[in-house]
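Reading the structure
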Amino acid sequence: NAGVTQTPKFQVLKTGQSMTLQCAQDMNHNSMYWYRQDPGMGLRLIYYSASEGTTDKGEVPNGYNVSRLNKREFSLRLESAAPSQTSVYFCASSDGTSGNTIYFGEGSWLTVV
Amino acid sequence: AQSVTQLDSQVPVFEEAPVELRCNYSSSVSVYLFWYVQYPNQGLQLLLKYLSGSTLVKGINGFEAEFNKSQTSFHLRKPSVHISDTAEYFCAVSATKWGSGGSNYKLTFGKGTLLTVNP
């Protein structure tokens, strides 16, 4: 079972470069999320998509854009990468109902130099 | 809006000892409560969750948690830990109703507790 798949797993970027993190889920979930994880900060929500066709800002959206391409796919784009965006990024999905379990991908390690 | 405080950033214990990881939350609306575990270099997976009913919730790998509404706490416990329980543990909350406090069911996480089990 694939669950939530995100690519790439590792990436090194130079300051100012752009890149897109891809995420796909095969559980027919309505809601998808992008979190970033930094030491001592826990997970912070960047953007989420409650359902296909909608996206909303989370806690830390600055410097990022997202696209909910279809029900399966939710991408995160860094238009002009900054060292402060060095982090581990997690994509997640859920069925979007009350009390639902959120399922996470294995993470993408991004370093901006 | 909701917030979660995990009272210990690191908890070292010896194998076969009991452990308690503490979590307190703050919310202006009714919440559901979750514990997730993250093993090294992996994503997060659900340990257990409290939605309603009995305040004592049992999860995977022998963990349990107790919801205490008056103390706004959801502490995680295990009577006897193994080396393989070494991981980071995250407490999280979500609103029970769509649109409550603008939260829309999304999870708010604590900063995590690193549990290290030593032989």
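As a starting point, this report considers the structure included with it. Everything quoted here is computed from the prediction, not taken from an experiment.

1. Comments concerning the packing of aromatic side chains
Working definition: an aromatic ring pair is given by the centre-to-centre distance plus the angle between the planes. By the definition in use, this model includes 14 aromatic pairs over all chains. Plain terms: the ring middles of Y50 of chain B and F67 of chain B are 4.5 Å apart, the flat faces sit at 25 degrees to each other, and that makes the pair stacked. Note that Y50 of chain B is positioned in strand 6 (residues 44-50) and F67 of chain B in strand 8 (residues 64-68), a separation of 17 residues in sequence. On the accessibility criterion, F67 of chain B (11% relative accessible area) is buried. Ring-pair connections join several aromatic residues into one group, and the members of that group are Y33, Y35, F90 and F104 of chain A together with F34, Y36, F90 and F109 of chain B.

2. Thoughts on the sheet that holds strand 7 (residues 64-68) of chain A
Residue and element names in this part refer to chain A. With antiparallel pairing, the 4 strands of this open sheet are ordered in space as 1-3-8-7. Two strands in the sheet have a free side with no partner beyond their single neighbour: strand 1 (4-7) and strand 7. Taken over all neighbouring pairs, the strand axes of this sheet differ in orientation by 15 degrees on average, direction set aside. Two strands pair when backbone bridges link them, and strand 3 (residues 19-25) and strand 8 (residues 74-78) are joined in this way by 3 bridges, in the antiparallel orientation. Within strand 8, the residue paired with M19 across the bridge is L78.

Thresholds applied
- Along each chain, the written sequence defines residue order, and numbers are assigned to residues from 1.
- To label them, take the chains in the order written and letter them from A, then take the ligands in the order written and number them from 1.
- Residue-level local features of this predicted model are given only where pLDDT is at least 70; pairs of side-chain atoms are given and counted only at 80 or more, and the full residue set underlies all totals for whole chains, interfaces and linings.
- Hydrogens are left out, water is left out, and the side-chain values use all remaining heavy atoms of the structure.
- Put simply, two rings from Phe, Tyr or Trp (the six-membered ring, in Trp's case) pair if the centres are within 6.5 Å, and we call them stacked under 30 degrees between planes, edge-to-face over 60, tilted for the rest.
- Numbering of helices and strands runs from the N terminus, with a helix taken as a DSSP run of H or I at least four residues long and a strand as a DSSP run of E at least two residues long.
- Think of it in three bands: with a 1.4 Å probe and only protein chains considered, a residue is buried below 20% of the maximum accessible area for its type, exposed above 50%, and partly exposed in between.
- Two strands are said to pair when DSSP picks up at least two bridges between them.
- Helix axes use the C-alpha atoms of the stretch in contact, all axes being lines fitted to C-alpha atoms, and the angles between their N-to-C directions lie in the range 0 to 180 degrees.

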